[in-house]
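Residues per chain are reported as follows:
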Amino acid sequence: MALIDQQQRIEATNPQGSYIVQAPAGSGKTEILTQRYLRLLGTVQHPEQIVALTFTRKAASEMRERIYLALEQADQQVEAKSAHQQMTLQFAKEALARSETLGWNILSQPQRMRVTTIDSLCQSINQSIPLVEHHL
């Protein structure tokens, strides 16, 4: 069963597909999303091309913190304490290499990582649309 779980977790982080992750609290959903975000960072031209959406500000903040922490730990060559952490650190190292190659300076400019709520995204889209008045 553990092998199947591990295979599903790897598949869910694959940037080439879309996945729905349904699991109980404490099962590692945020870790999978963090890993997926880090893997995506390893493939894009600009970190702003990735938008991670959550329902709450608390969840968005936690997700940003986990992504940044993984990048910091990878930068500091922290030793993984589990297989899950090893995978996270590997994806973070690949993201840092991409950042270095393309000059993102992601560790000093973490605001370039867009992790936000659905409401905030809708609000920013709404504010970017010019207001047009119609006269009858």
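Quantities reported herein were computed from a predicted structural model and do not represent experimental measurements.

Which residues make up the nonpolar core, and what values go with them?
Ranked by internal contacts, the top residues of the largest apolar core, which has 22 residues, are Tyr-37, Leu-38, Leu-41, Ile-67, Leu-71, Met-113 and Val-115. Listing elements by their share of this core, those giving two or more residues are helix H2 (29–41), helix H3 (57–75) and helix H4 (83–102). The contacts of Leu-38, once residues within four sequence positions are left out, are Ile-67, Ala-70, Leu-71, Thr-88, Phe-91, Ala-92 and Ala-95.

So what's going on with the packing of H3 against H4? Residues and values would help.
Look at H3 against H4: their axes get within 8 Å of each other, and the N-to-C directions meet at 80°. Relative to H4, the element H3 lies roughly perpendicular. Together, Ala-70, Leu-71, Gln-73, Ala-74 and Asp-75 of H3 and Gln-85, Thr-88, Leu-89, Ala-92, Lys-93, Ala-95 and Leu-96 of H4 make up the contact between the two elements. Of the residues contributing to the contact of H3 with H4, the split by class is seven nonpolar, three polar and two charged.

I'd like a description of H2, backed by residues and values.
Given 3.6 residues per helical turn, the α-helix brings residues three or four places apart onto the same face. Over its 13 residues, H2 runs 18 Å from end to end, which matches the ideal 18 Å to within 8%, given 1.5 Å per residue. What H2 keeps buried is the set Glu-31, Ile-32, Thr-34, Gln-35, Arg-36, Tyr-37, Leu-38 and Leu-41. Turning to H2, the residues buried within the fold contact helix H1 (2–12), strand S1 (51–54), H3, H4 and strand S2 (114–117).

Any details on the pairing of S1? Residues and values, ideally.
Of the two faces of S1, the one lined by Ala-52 and Thr-54 is fully buried and the one lined by Val-51 and Leu-53 carries no buried residue. Bridge count for S1 against S2 is four bridges, and the pairing is parallel. Residue pairing for S2: Leu-53 is matched across the bridge by Thr-116.

Hey, could you go over the side chain of Arg-36 for me, with residue numbers and the actual values?
Here Arg-36 is to be found in helix H2. A polar side-chain atom of Arg-36 sits 2.7 Å from the main-chain carbonyl oxygen of Asn-14. Residues within four places of Arg-36 in sequence aside, it is in contact with Ala-12, Thr-13, Asn-14, Pro-15, Gly-17, Ser-18 and Tyr-19.

Explain the packing of H2 against H3 residue by residue, including any values.
Relative to each other, H2 and H3 sit at 60°, their axes nearing to 10 Å. One finds that H2 runs oblique with respect to H3. Regarding H2 and H3, the two cross each other, and that crossing is right-handed. On H3, the residues that touch Thr-30, Glu-31, Leu-33, Thr-34, Tyr-37 and Leu-38 of H2 are Glu-62, Met-63, Arg-66, Ile-67, Ala-70 and Leu-71. Residue composition of the contact of H2 with H3, by class: seven nonpolar, two polar and three charged.

So what's going on with unusual backbone geometry? Residues and values would help.
Within the chain, Gln-77 stands out as a residue other than glycine whose phi angle is a positive 60°. Note that Gln-77 resides in the loop between H3 and H4. One non-glycine residue, Asn-105, lies in the positive phi region at around 55°. The topology assignment puts Asn-105 in the loop between H4 and S2.

About the criteria used
Residues numbered from 1 in each chain as written. Predicted model: local features only at pLDDT ≥ 70, side-chain atom pairs only at ≥ 80, totals over all residues. Heavy atoms only, no water. Core = buried A, V, L, I, M, F, W, Y, C linked by side-chain atoms within 4.5 Å. Buried < 20%, exposed > 50% of the residue type's maximum accessible area, 1.4 Å probe, protein only. Helix = DSSP H or I, 4+ residues; strand = E, 2+ residues; numbered from the N terminus. Contact = heavy atoms within 4.5 Å. Axes fitted to C-alpha atoms, helices over the stretch in contact; angles between N-to-C directions. Parallel < 35°, antiparallel > 145°, perpendicular 65-115°, else oblique. Nonpolar A, V, L, I, M, F, W, Y, C, P; charged D, E, K, R; others polar. Expected span 1.5 Å × (residues − 1). Pairing = 2+ DSSP bridges. Polar contact = N/O pair within 3.5 Å; in protein donor to acceptor, adjacent residues only side chain to side chain. Left-handed = near helix turned anticlockwise from the far one by under 90°.

Honestly, it's all geometry; don't read function into it.
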